[in-house]
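Here is what each chain is made of, one letter per residue.
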Amino acid sequence: MNKLKLYACPECGLYYKEKELAKKCEAWCKEHNSCNLEITKYSINKKAL
Ligand SMILES: [Zn+2]
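Report on the accompanying structure.

Rules of the game
Residues numbered from 1 in each chain as written. Predicted model: local features only at pLDDT ≥ 70, side-chain atom pairs only at ≥ 80, totals over all residues. Heavy atoms only, no water. Core = buried A, V, L, I, M, F, W, Y, C linked by side-chain atoms within 4.5 Å. Buried < 20%, exposed > 50% of the residue type's maximum accessible area, 1.4 Å probe, protein only. Helix = DSSP H or I, 4+ residues; strand = E, 2+ residues; numbered from the N terminus. Contact = heavy atoms within 4.5 Å. Donors = N, O, S within 2.8 Å, 3.2 Å for Na, K, Ca; no water. Tetrahedral: all angles 85-135°; square planar, octahedral: opposite > 155°, others 65-115°. Expected span 1.5 Å × (residues − 1). Arc of directions from axis to C-beta.

Core analysis: the largest hydrophobic core is formed by seven residues, namely Cys9, Tyr16, Leu21, Ala22, Cys25, Cys29 and Ile39. The leading source of residues in this core is helix 1 (residues 19–32), at four residues. Ignoring anything within four residues of it in the chain, the contact list for Cys25 reads Cys9, Cys12, Tyr16 and Ile39.

What follows is the structure, given as structure tokens:
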């Protein structure tokens, strides 16, 4: 079993290793209705896991 914990942004559905990043992404997505590249560059491509 892979125990890696991922946190998803409920707004855009991207996954992050850090809860903080998911929170940041969620806050940004809600406010700006788009994604912040500075945040999404840390997102995880689930298919690549
Ligand atoms: Zn997001």
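Here the narrative resumes, following the displayed structure.
Below, the discussion takes up the coordination of the zinc ion. Distances from the zinc ion to its protein donors, namely Cys9 (SG), Cys12 (SG), Cys25 (SG) and Cys29 (SG), fall within the range 2.3 to 2.4 Å. Around the zinc ion sit four donor atoms, and with donor-metal-donor angles ranging over 101 to 118° the site reads as tetrahedral. Accessibility expressed as a relative area gives 32% for Cys12, which makes it partly exposed.

Here helix 1 contains 14 residues, and its C-alpha end-to-end distance of 20 Å stays within 8% of the 20 Å for a straight helix at 1.5 Å per residue. Among the residues making up helix 1, those that are buried are Leu21, Ala22, Cys25, Glu26 and Cys29. One side of helix 1 carries all its buried residues, which in axial view fall inside an arc of 135°. Seen from the buried face of helix 1, the exposed residues on the opposite side, beyond 90 degrees, are Glu20, Lys23, Lys30 and Glu31.

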